[in-house]
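What follows is each chain in one-letter form.
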Amino acid sequence: MAMQSRALTIEDGKEPSALPKTIQSRVFPVRILQFFGLFLILGLGFSIISMFMIRYWGVQNVVSTARSEFQPCLEEPGSLVRWIRPQSNLMHTMTDKELFWRASLVPQINEYPFTRVPKIAFMFLTRGPLPLSPLWERFLEGHEGFYSIYVHSLPSYEAKFPSTSIFYRRQIPSQVSEWGKMSMCDAERRLLANALLDISNERFVLVSESCIPLFNFSIVYHQLLRSKYSFVGAFDDPGPYGRGRYNENMAPEVIITQWRKGSQWFEINRKLAIHVVGDTIFYPKFEEFCKPACYVDEHYFPTMLTIQAPHHLANRSLTWVDWSRGGAHPATFGKADITEDFLKRILEGQNCLYNDQPSSVCFLFARKFAPSALEPLLQQAPKFFGY
Ligand SMILES: *[C@@H]1O[C@H](CO)[C@@H](O)[C@H](O)[C@H]1NC(C)=O
Ligand SMILES: *[C@@H]1O[C@H](CO)[C@@H](O)[C@H](O)[C@H]1NC(C)=O
C-alpha cells in the first residue's frame, strides 16, 4: 500500500509539467507505439506461420535439416548412438558390486537395431609395466574398430603411455590381486565387467604382460569370431593337484565330478562373460572353500563354466606355454631363446580340434616372454607371425 501511494504521488507530481507541451511532442510517442505494434504483428505472424510449418513438415524434419546444415559433425542428441557409445574414459568410481550389476545387463532382443562390428577385448592382467607393448602395437596397427584394450595393474602403478599409444588411458580401476587367491579372480571379473560395458565387445581374451600373439590380427580375429566354442582350459585331473583340491563343503553347488582344472588364460564370448560377472552361486563357495593349496584361479572359471555352459567350451586354452622344464612355474624365454628353431617349434606340429574339425592353428598366443625377448621378437615377427 505504501509503495502504491508513493507511485501515485510521483505521477501526480509529474502531471502538471506534462500539460503545457505542444501537440508535436505528443505525436512522437504515438509513432513509436505504432512502430512497435507493427513489429508485434509481424512477429506474431511469423510465429503462426512457423507453427503451421512445423506441424506440416514435422519437428524432426525441421530440426534435422537445421542440423545437417549447421552442425554436420554432431550426432543427434538423444539418439541411440548416445546409449551404445563406449565410454572414452575408462575410469569410474563404481564399486565391484555396482560394476558387476551394471555389466550383467543383457538385451532381450537378439537383433541389433544398428550395425554392430564385433570387437575382441584384449584384457591385460599385469603387475605394472607392459614391456612387450611395442609388439602388441604392431600386431594391432591398422585394425582400429575391431578390438579394444583393458589393463588391470597394481593400483600403486602409474601407467605412462604417450597419447599416441593404444594403451593410453586404457587402465581400469584396479585393486591388489595375488596369485592363487580369490583377489586374482576378482581382477579377472573386473576386467570382464569393464569390457562388457562396451556393447561391441564380443570375445574376451585374458593375457598377461609376458604374452605375445602368434598370428596376424586377421587370423586371430577370424579364428575367434568364427569359433563355436570358447577357449577355456578345463580338464578333470584325478590326482592330488586336481580332484585332490576339491572340498566337499562345496556340494551341492559343485560336486566332485564337475570339478575342473585349467590355465587361467581364457578366451570367452560375451554370453559366458556375463555368466562369470553375474555369478553369485559358485563365487561364495570358491571364496570360502578353495584357499591355498587350492589355487582358486586354476579352478573357479573352468569348474563354474563347465557346470553352467559345458557345450560352449573347447576345453583347451589358446595360450601356448612350456611346462617341460618341470617345477611350479612354466619356462620364461629371454633374448637368447628367440631362435628360428624355437619359433618353428611353437608354430609347427600343432594339432587340435577347431569347430569339431582337425586344425593346425591351435595356439593364437604364447607365454612367457621376458622383456629382453622384445627386440628379437620384433625382428622375427614379420617372418614367423605375419605382422
Ligand atoms: C595374415 O596372414 C595370412 C597368412 O599368413 C595372410 O594370408 C594374410 O594376408 C595376412 N593378413 C594381413 C592383413 O597381413
Ligand atoms: C568340454 O567338456 C564338457 C564336459 O566337461 C563337454 O560337455 C563338452 O562337450 C566338451 N567340449 C568339446 C568341444 O568337446
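That block above? That's the structure.
Rules of the game
- Residues numbered from 1 in each chain as written.
- Chains lettered and ligands numbered in written order.
- Predicted model: local features only at pLDDT ≥ 70, side-chain atom pairs only at ≥ 80, totals over all residues.
- Heavy atoms only, no water.
- Near = heavy atom within 4 Å.
- Polar contact = N/O pair within 3.5 Å; in protein donor to acceptor, adjacent residues only side chain to side chain.
- Areas by Shrake-Rupley, 256 points an atom, 1.4 Å probe, with all protein chains shown as cover.
- Pairing = 2+ DSSP bridges.
- Helix = DSSP H or I, 4+ residues; strand = E, 2+ residues; numbered from the N terminus.
- Core = buried A, V, L, I, M, F, W, Y, C linked by side-chain atoms within 4.5 Å.
- Buried < 20%, exposed > 50% of the residue type's maximum accessible area, 1.4 Å probe, protein only.
- Contact = heavy atoms within 4.5 Å.

On to the site of ligand 1. For ligand 1, the full set of nearby residues is Asn-216, Ser-218 and Ile-219. Side-chain polar atom of Asn-216 to an oxygen atom of ligand 1: 2.3 Å apart, as the coordinates give it. Here Ser-218 contributes a side-chain N or O atom positioned 3.4 Å from a nitrogen atom of ligand 1. Bound to the protein, ligand 1 loses 32% of the 360 Å² it would expose on its own.

Quick look at the sheet that holds strand E9 (residues 365-366) now. Taken in spatial order, the 3 strands of this open sheet run E4-E9-E6, and their pairing is mixed. On the outer flanks of this sheet lie strand E4 (212-213) and strand E6 (319-320), each paired with one strand and no other. Where E4 lies against E9, 2 bridges are found, and the strand directions are antiparallel. Across the sheet, Ile-212 pairs through a bridge with Ala-366, a residue of E9.

Our next topic: the nonpolar core. The nonpolar side chains of soluble globular proteins are, as a tendency, buried together. Counting 48 residues, the largest nonpolar core has Phe-122, Trp-136, Phe-369 and Phe-385 as its most contacted members. If you list the elements that add at least two residues to this core, you get strand E1 (119-125), helix H6 (133-140), strand E2 (147-152), strand E3 (201-208), helix H8 (217-225), helix H12 (340-347), E9 and helix H13 (374-384). Beyond its immediate chain neighbours, meaning those up to four positions away, Phe-369 contacts Leu-132, Ser-210, Ile-212, Thr-332, Phe-333, Ile-338, Phe-342, Ile-346 and Leu-377. Counting 46 residues, the second-largest nonpolar core is a separate cluster that includes Phe-100, Leu-191, Val-277 and Phe-301.

This paragraph deals with the environment of Phe-282. Of note, Phe-282 is situated in the loop between helix H9 (270-278) and helix H10 (283-289). Beyond its immediate stretch of four places on either side in the chain, Phe-282 contacts Glu-253, Val-254, Tyr-300, Met-304, Ile-307 and Gln-308.

Turning our attention to the side chain of Asp-322. Mapped onto the fold, Asp-322 is located in the loop between E6 and H12. For Asp-322, the side chain forms a polar contact with the side chain of Ser-324, separated by 2.6 Å. In contact with Asp-322, not counting residues within four places along its chain, are Pro-330, Ala-331, Phe-333, Arg-345 and Arg-367.

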